[in-house]
Structure formats: structure tokens, C-alpha cells
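Single-letter residue listing:
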Amino acid sequence: MHALTYAPEAPAGLRLSAVPEPVPQDGQALIEVHAVSLNFGELAFKAARTRPGSVLGMDAAGVVIKAAADGSGPPTGTRVVTFGWASGAWAEQRAANIADLAVVPDSVDLASASALPAAGVTALRALRRLGPVLGRRVLITGASGGVGRFAVQLAAHAGAHVIASVGSPARGEGLSELGADEIVIGPQNVTAPVFGVLDNVGGTQLAEAFGLLEDGGCAQSIGMASREPTTIDFEQERLGGVRKRIESFMVGDPGFDPGFGPDLAYLVGRLEAGALDPQIGWRGSWEHAAEAAEALLARRVLGKAVLNVRTANGRRS
């Protein structure tokens, strides 16, 4: 089969290569992949995390072509969306854990569903870590990206007063329609304390956002789009007399997490009901993966970048 593999010398480090077909293990189904989505983090830091020749990707949606041998999970022919800890999604076939997939109704586009896993589940779980947000001010940095745009929608649905921080006015396009009550250019332009922070940027912005927390507030450090370290003067923060916390967010633990399936099913349900917009800012054939990756890394994509692996009739894109 063909897959997108990590090739340091290739454009954007991606190459469409011939690789062995995956062999499903116990508790896995074999999926014919129709669409995949790209995530900033897996592209920006692939050199540190991936060996050359490895199949990349966490997010994929498609159709079950071989049900799990143990009888668990959906039968052959079922449309599903999958999320995997390890790479391997950006391929014509994927062996997916039953615990990490959800059924996709016929009314939901598989390409739209493929945008949900890493970004959508991250936004959902990070928001939960803040606790109840009804009527409270929540700041989302990097709000124009994949995680950020899901976070804006989910926080607004939960009843929060959503403050979306972006890098430029153009990056804030469409965020008001998604539920943002305020759009600011950087945390330094937030005018009042906030209860919670979902930070996708890191560096100086995370430090500034932490400084905005009110008593009892919490900041979730999700991403590092700035690729800069963060320095916080905790002694100065203590002198301010405000009790608050910062947590390094992990979407789950491969050894203990019961699976992403339930959260994926919730997000698919929101998508089916028209209550969640996948915010696909780039879509095209996976033969143009390098173009999509470069646009995402250069912050030219609002939301998600999605690659079509197969057409609607099942043919390779």
C-alpha cells in the first residue's frame, strides 16, 4: 500500500511511499482510509519524534474492511473515525484500536470527521480540566488553529465567556461566529482577569496568560506553536496573593487511558447535529501533502488541513 512517510530530505519532510500493509492485532480493526488530517505539532516536531521511513499521522477516517477478530467493535463496512497514539494514520490502510474509534453516520462527511481526533479531543479534554466554566471568562491562545477553533466552540457551548487570542486580525476571521465573545491580538490586550486559560502557543504568551488568572484559576499548557520556552516568575506571582495553577496538558496516557472512542463519538454527534464546525481551512489530495504541511506550519491555514486519500467512490485520490 501507499503511505505518507517521514523523509527529512523531502519537501516538508513528507514522501508518498510504498510500505507493508498493517496487520491488525487483538482488539483492532483494519480500516480503509478515505481522509486524514494534519496537526501542527506532529509536523513541527516530527524530526524529534519520528524515525525516517516511518508512517506518520494520528487522525484518519474511513471504512472497516476487516472487523476485529475478537468480535469487538463495528462490523465490516462501517464508516469510522480513528485516533491513534502511535503514528500510522496517513496511509491507505490503518489498523485501529477498537477503543479509539467511533462510528460515523452516513450524513457526516468522512473528511470532516477526520478533522476531529487529535484537535477536537484535545480541546474537549483540556476544557474539562478547567472545571465548570458556565458564566466564567476563558482565554484561548492560538485560537485560530485546529485545537483553538474547536476549543472556542466547545467553551462557548459550555457557557463560558470566550476570549480568543490570535496573532493578527486576519487570524481571527470567523471566530465570533464560532462563539468568541472577544477577539484580542495577544494576551497582553486582555483587560480583566480570567478563570481559565487554554494555551496553544507557549513562550511569552503562556507567561502573560498565566498572569491573568484570577484566584482559583487554572491554565492548561497544551501546545508550543511559538517553539519558545516559557519563563514565569513564580515568586512575583506569589506576592500578588492569587492562588492559581498551571498544568502541562496531556491528551491521555497510553498505559492507562481507557480510549478515545467515547469522546470521538460525542464530537461526531455534535458534528451530525450541526453544532460543531470542523473548520477545514485546507483540503486536497494527499499527493499535495507537502503543500498542505507547509501552509499549516507557516500559519496560513485557519483551522484544520485535511487530505483526501480516496474519493467518494473508494478510488485512490
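Residues numbered from 1 in each chain as written. Predicted model: local features only at pLDDT ≥ 70, side-chain atom pairs only at ≥ 80, totals over all residues. Heavy atoms only, no water.

Section: the packing of helix H4 (residues 117-130) against helix H5 (residues 146-157)
Condition: The convention used is that axes are lines fitted to C-alpha atoms, helices contributing only their stretch in contact, and that angles between N-to-C directions extend from 0 to 180 degrees. Under the scheme used here, helices are H or I runs from DSSP no shorter than 4 residues and strands are E runs no shorter than 2 residues, and both carry numbers assigned from the N terminus. The labels follow the angle: roughly parallel below 35 degrees, roughly antiparallel above 145, roughly perpendicular from 65 to 115, and oblique for the rest. In this scheme the crossing of two helices becomes right-handed for a clockwise turn of the near helix relative to the far one and left-handed for an anticlockwise turn of less than a right angle. Note on definitions: a residue-residue contact is assigned when non-hydrogen atoms from the two residues lie within 4.5 Å. Polar here means any residue other than Ala, Val, Leu, Ile, Met, Phe, Trp, Tyr, Cys and Pro, which are nonpolar, and Asp, Glu, Lys and Arg, which are charged; Gly is therefore polar.
It is at 8 Å that the axes of H4 and H5 come closest, and there the two elements cross at 50°. The angle between H4 and H5 places the two elements in the oblique class. Crossing geometry of H4 relative to H5 is assigned as right-handed. Of the residues in H5, those touching H4 at Ala119, Gly120, Thr122, Ala123, Leu124 and Leu127 are Gly146, Val147, Phe150, Ala151, Leu154 and Ala155. Split by residue class, the contact of H4 with H5 holds nine nonpolar, three polar and no charged.

Overview of helix H7 (residues 203-211)
Under the convention used in this document: Categorising residues by exposure relies on relative accessible area from a 1.4 Å probe, with only protein chains included: less than 20% of the type maximum marks a residue as buried, more than 50% marks it as exposed, and the intermediate range marks it as partly exposed. Directions from the helix axis toward the C-beta atoms define the arc.
Within the sequence span of H7, burial applies to Gly203, Leu206, Ala209 and Phe210. Buried residues in H7, looked at end-on, bunch into an arc of 110°, giving them a common side.

Some words on the packing of H4 against helix H9 (residues 261-272)
Where H4 contacts H9, the two axes come as close as 10 Å, and the packing angle between them is 100°. One finds that H4 runs roughly perpendicular with respect to H9. Of H9, the residues touching H4 (which contributes Pro117, Gly120, Val121, Leu124, Arg125 and Arg128) are Asp263, Leu264, Tyr266 and Leu267. Taken together, the residues that form the contact of H4 with H9 break down as six nonpolar, one polar and three charged.

Some points on the pattern of salt bridges
Using the following cut-off: Salt bridges are counted wherever a side-chain nitrogen of Lys or Arg sits within 4 Å of a carboxyl oxygen of Asp or Glu.
This model, assessed by the stated rule, comprises eleven salt bridges. Linking Arg15 and Glu9 is a salt bridge whose minimum nitrogen-to-oxygen distance equals 2.8 Å. Assessed through its relative accessible area of 37%, Arg15 is described here as partly exposed. Arg283 serves as the salt-bridge partner of Asp109, at 3.1 Å between the closest nitrogen and oxygen. Of this pair, Asp109 sits in the loop between strand S7 (101-103) and helix H3 (110-114) while Arg283 sits in strand S14 (residues 280-285), placing them 174 residues apart in sequence.

Some words on the nonpolar core
Put simply, the rule is: In this description, a nonpolar core means a group of buried Ala, Val, Leu, Ile, Met, Phe, Trp, Tyr and Cys residues linked to one another through side-chain atoms lying within 4.5 Å.
Residues Ile140 and Val152 are the most contacted members of the largest nonpolar core, which totals 46 residues. In terms of residue count, H4 provides more of this core than any other element does, eight residues in total. Non-local contacts of Ile140, meaning those with residues more than four positions away in its chain, are made with Gly148, Ala151, Val152, Ala155, Val162, Ile163, Ala164, Ser165, Leu198 and Asn200. In this structure, Tyr6, Trp90, Ala289 and Leu307 belong to the second largest nonpolar core, which totals 24 residues.

Digging into the packing of aromatic side chains
Inclusion rule: Here a pair means two rings of Phe, Tyr or Trp (six-membered ring of Trp) with centres within 6.5 Å. Their orientation is stacked below 30 degrees between planes, edge-to-face above 60, and tilted elsewhere.
Inspection of the entire model under this criterion finds two aromatic pairs. Considering the side-chain rings of Phe83 and Phe260, the 4.1 Å spacing of their centres and the 25° angle between planes classify their relative orientation as stacked. Of the two residues, Phe83 sits in strand S5 (residues 79-83) while Phe260 sits in the loop between strand S13 (244-248) and H9, which places them 177 residues apart along the sequence. The pair formed by Phe83 and Phe260 is uniform in burial state, with each residue classed as buried. Measuring from centroid to centroid gives 5.7 Å for Phe210 and Phe234, while their planes differ by 70°, and the two rings are edge-to-face. Placement of Phe210 in helix H7 and of Phe234 in helix H8 (residues 234-239) is noted, with a sequence separation of 24 residues between them. Owing to a relative accessible area of 2%, Phe210 belongs among the buried residues under this scheme. On the basis of relative accessibility, which here comes to 39%, the residue Phe234 falls in the partly exposed class.

With respect to unusual backbone geometry
Phi is positive for Arg227, which is not a glycine, with a value near 60°. Looking at the secondary structure, you find Arg227 in the loop between strand S12 (213-221) and H8. The backbone of Arg299 shows a phi angle near 60°, a positive value even though the residue is not glycine. Assignment of secondary structure puts Arg299 in the loop between helix H10 (289-297) and strand S15 (304-308).

Section: the environment of Ser87
Note that Ser87 resides in the loop between S5 and strand S6 (93-97). C-alpha of Ser87 to C-alpha of Gly120: the two residues are 33 residues apart in sequence and 17 Å apart in space. Setting aside residues no more than four positions away along its own chain, Ser87 makes contact with Val55, Leu56 and Gly57.

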